[in-house]
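Structural overview
Listed below are the residues making up each chain.
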Amino acid sequence: MARTALVVGASGIVGSATAALLVERGWTVHGLARRAVAQAGVTPVVTDLQDAAATAGALARIDPDAVFITTWLRQDSEAANIRVNAAMVRNLLDALPKPTRPRHVALVTGLKHYLGPFESYGKGALPQTPFREEQGRLDVENFYYAQEDELFAAAARDGFGWSVHRPHTVIGMAVGNAMNMGTTLAVHATICRETGRPFTFPGSAAQWNGLTDMTDAGQLARHLLWAAQTPAARDEAFNVVNGDVFRWQWMWGRIADWFGIAAVPFDGVVRPLEQQMADDADVWRGIAERHGLAEADLSRLASPWHTDADLGRPIEVVTDMGKSRRLGFTEYRATDDAFFDLFARLRAARLIP
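Attention in this report is confined to the structure presented alongside it. (Residues numbered from 1 in each chain as written. Predicted model: local features only at pLDDT ≥ 70, side-chain atom pairs only at ≥ 80, totals over all residues. Heavy atoms only, no water.)

A separate point is the overall build of the chain. The secondary structure content of the chain amounts to 14 helices and 13 strands. Expected size for 353 residues packed as a compact globule is a radius of gyration near 20 Å; at 20 Å, the chain falls within 12% of this value. The C-alpha extent of the chain, read off along each of the three principal axes, is 60 × 45 × 40 Å. In the chain, which comprises 353 residues, the proportion classed as buried is 57%. For the chain, the proportion of contacts with a sequence separation of at least 24, taken over those separated by at least 6, is 77%. Working note: accessible area of the chain is about 14,400 Å², and carbon and sulfur atoms make up 50% of it. Put simply, the chain has 35 plus and 40 minus side-chain charges, and the middle of one group is 4 Å from the middle of the other. (Helix = DSSP H or I, 4+ residues; strand = E, 2+ residues; numbered from the N terminus. Rg over C-alpha atoms; globule rule 2.2 N^0.38 Å. Buried < 20%, exposed > 50% of the residue type's maximum accessible area, 1.4 Å probe, protein only. Contact = heavy atoms within 4.5 Å. Areas by Shrake-Rupley, 256 points an atom, 1.4 Å probe, with all protein chains shown as cover. Lys, Arg positive; Asp, Glu negative; His and termini not counted. Charge placed at Lys NZ, Arg CZ, Asp CG, Glu CD.)

Here's what the structure looks like:
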């Protein structure tokens, strides 16, 4: 049976991977974004979710079987994050025509559900790791909670099923994305190789020595589709990671080897990427010109502030996926392979030399 999906944030890391998977599986796919981005098999829907009237007009004739919400807008404070991102979810769900058949709405959030928002990230009393879905909300304002509340209210009103997906740091490909560790590390490694600068780990001792995990965008896309098609996953929240664990002292060397450079071991001093890359805009522009790259604007590729937030955490972060496994989701992705596949795609797209 032909099925129709609306992917919200279709130009982003998660949205583009989800749209591609749906097209591959034979779905009719509408991709919503603020700017039209060409993607094979995806019908673009251009609107700004902050504009309720425009959103209603853009979605008036779309009656999807499944909606995948994979977008958010970073603001200067958590209060603003809550106001803007909650309104975007509300405007979206208010704008959709009432379901004429069963509908599923999936919301992608993340581990800030357990770690707290940017203003209090990884601070105060935190749940034990591995993080499990039954661990409740922190006693702090968090835009993820506000997004969930909008989803729950609309589901109660309109009668659709929902799922919430909490990935760890996502590895995937998108230009201009605000949370993009994979491309940030690829650009940093390229700069180190081209300039002879040491490839120095930017994070904390806890991240260098402790166990961690990550989420490949393709793995997350498969998890989203699984939940949309699995009755037992209705009205449930899930963690979603690749299924392996690693230490950065190992992964840093793996990444260095791919770029043909030496990994500099952590020496006890935190050296954030924001500091290491602070003056690299002109350096990258020169590299792009020499190699004929497709993007010379460093800010469109690298988000060092986000990578620093993850690699600078003072605690070990590991995520439990037992809930999904018990309900039948068995997909696995090796994290080093996820990085290497991303780097190869970036090279093929002429985003790195």
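One side chain can pair with another of opposite charge once the charged atoms of both are near each other. Under the definition given, this model contains 24 salt bridges. As a salt-bridge pair, Glu150 and Arg90 come within 2.6 Å of each other at their nearest N and O atoms. On the criterion of sequence distance, the pair formed by Glu150 in helix α5 (residues 143-158) and Arg90 in helix α3 (residues 78-95) is long-range, its members being 60 residues apart. Exposure remark for Arg90: the relative accessible area of 35% places this residue in the partly exposed category. One salt bridge in this structure joins Arg271 and Asp267, with 2.8 Å as the shortest N-O distance. Assessed through its relative accessible area of 31%, Arg271 is described here as partly exposed. (Salt bridge = Lys/Arg side-chain N within 4 Å of Asp/Glu carboxyl O.)

This model, assessed by the stated rule, comprises 19 aromatic pairs. Ring centres of Trp248 and Trp252 lie 6.4 Å apart, and the angle between their planes is 65°; on these two criteria the pair is classed as edge-to-face. Within this pair, Trp248 and its partner Trp252 are both found in helix α9 (residues 248-259), separated by four residues, close to a single helical turn. The same class applies to Trp248 as to Trp252, namely buried. In this structure an aromatic cluster arises from ring pairing among Phe199, Phe201, Trp208, Phe246, Trp248, Trp252, Trp258, Phe259, Phe266, Phe339 and Phe343. If you follow Arg74 out to its NZ or CZ, it ends over the ring of Trp305, 3.5 Å from the centre. (Phe/Tyr/Trp six-rings, centres within 6.5 Å; stacked < 30°, edge-to-face > 60°. Lys NZ or Arg CZ within 6 Å of the ring centre and 35° of its normal.)

The next subject is the nonpolar core. Counting 40 residues, the largest nonpolar core has Trp248, Ile255, Trp284, Phe339 and Phe343 as its most contacted members. For this core, the elements supplying multiple residues, two or more each, are α6 (181-195), α9, α11 (281-291) and α14 (335-348). Examining the composition of this core, we find that seven residues originate from one element, α6, more than from any other. Not counting chain neighbours up to four residues away, the residues in contact with Trp284 comprise Val187, Thr190, Ile191, Leu293, Glu295, Ala296, Asp297, Leu298, Leu301, Leu351, Ile352 and Pro353. Grouped together as the second largest cluster of nonpolar side chains are 32 residues, Ala10, Phe68, Leu225 and Phe238 included. (Core = buried A, V, L, I, M, F, W, Y, C linked by side-chain atoms within 4.5 Å.)

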